[in-house]
Amino acid sequence: MATAARPAPAAHFSVLRGIAVYKMLKVLLLLALAYGEVRLHDASLIAKLLVWASARPSGLEHDVVIRLLQWFSGLSTSTIHTLRIVSLIYAAIFAVEGVGLWMEKRWAEWMTTIITASLIPLELWELFHRPNFGKAAVLMANIAIVAYLVWQLQSKHKAASPA
């Protein structure tokens, strides 16, 4: 009995895996953020970091670190817990998207398209009110992801429809 050769992977496979890697990088960053929130809950660690940052030469990085530490030290315990929970929820969502896209699942393409597209208006609002290069880059990446996935989903739908 002859076995059928597996079809060659489609050209879009590498793009989906690229998006999956992007989503998994977000997962790692959010998990690091959640871990940092746990570690920074210790007031002595914040004090040590403030002393360390104060000993460094003045500059943009110095000012940003000092402001972030001062902001974080002023948060209530409930706000810190809320930030941690939101970080972990987003990490879980991105992990599901990333694994589904890596496995080339159609439901993951739909899920990623819907969730990513729903965040674009918020990203635009944030960019308009507090513009910076990082926000613009993330917005452009997410617009490109949505455009590609919409194109991909339409291509699959046309291929599946009878002519």
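Residues numbered from 1 in each chain as written. Predicted model: local features only at pLDDT ≥ 70, side-chain atom pairs only at ≥ 80, totals over all residues. Heavy atoms only, no water.

1. Let's talk about the pattern of salt bridges
Here is the rule we go by: Salt bridge, as used here, is a side-chain nitrogen of Lys or Arg placed within 4 Å of a carboxyl oxygen of Asp or Glu. Counting from the N terminus, the helices are the DSSP runs of H or I reaching at least four residues and the strands are the DSSP runs of E reaching at least two. Relative accessible area decides the class of each residue, using a 1.4 Å probe on protein chains only: under 20% of the type maximum gives buried, over 50% gives exposed, and in between gives partly exposed.
Applying the stated criterion to the full structure yields 4 salt bridges. As a salt-bridge pair, K23 and E97 come within 3.2 Å of each other at their nearest N and O atoms. With K23 in helix α1 (residues 13-40) and E97 in helix α4 (residues 77-102), this residue pair connects regions lying 74 residues apart in the sequence. For the pair K23 and E97, one class covers both residues: buried. A salt bridge links K156 to E109; the nearest nitrogen and oxygen atoms lie 2.5 Å apart. Taken together, the residues K156 in helix α6 (residues 133-160) and E109 in helix α5 (residues 106-129) connect sequence positions 47 residues apart. We classify K156 as partly exposed; its relative accessible area is 23%. Judged by relative accessible area, which is 0%, E109 ranks as buried. Ionic contacts of the salt-bridge type, sharing partners, join the residues E126, R130 and K135 into one network.

2. Some thoughts on the nonpolar core
Applicable threshold: Side-chain atoms within 4.5 Å are what join buried Ala, Val, Leu, Ile, Met, Phe, Trp, Tyr and Cys residues into a set we call a nonpolar core. Any two residues whose heavy atoms approach within 4.5 Å at even a single point are treated as in contact.
Of all hydrophobic cores here, the largest spans 8 residues; its members are L16, I19, A20, L101, A108, I145, Y148 and L149. Other than its neighbours up to four places away in sequence, I145 contacts I19, Y22 and T112. If you look at the next biggest cluster of nonpolar residues, it comprises 7 residues, including I46, L69, L75 and I80.

3. Points about α4
As a reminder of what qualifies: To estimate how far a helix should extend, the number of its residues minus one is multiplied by 1.5 Å.
Counted at 1.5 Å a residue, the expected span for α4 with its 26 residues is 38 Å, and the 37 Å between its end C-alpha atoms agrees. At the C-terminal side of α4, E104 shows a positive phi close to 60 degrees.

4. Considering the packing of aromatic side chains
The condition is simple: Any two rings among Phe, Tyr and Trp, with Trp reduced to its six-membered ring, count as a pair given centres within 6.5 Å; such a pair is stacked if its planes are under 30 degrees apart, edge-to-face if over 60, and tilted if neither. In this analysis the charged atom, NZ for Lys or CZ for Arg, is taken to sit over a ring once it is within 6 Å of the ring centre and within 35 degrees of the ring normal.
As enumerated under the stated definition, the model contains 2 aromatic pairs in all. Geometrically, the ring pair formed by Y148 and W151 is tilted, given 5.7 Å between the ring centres and 45 degrees between the ring planes. One end of the pair is Y148 and the other is W151, both in helix α6 and 3 residues apart, which spans about a single turn. Above the face of the W102 ring, R17 is positioned so that its terminal group lies 3.9 Å from the ring centre. For K26, the ring lying beneath its charged end belongs to F94, and the centroid distance is 4.7 Å.

Read these as layout, nothing more, since geometry by itself doesn't imply function.
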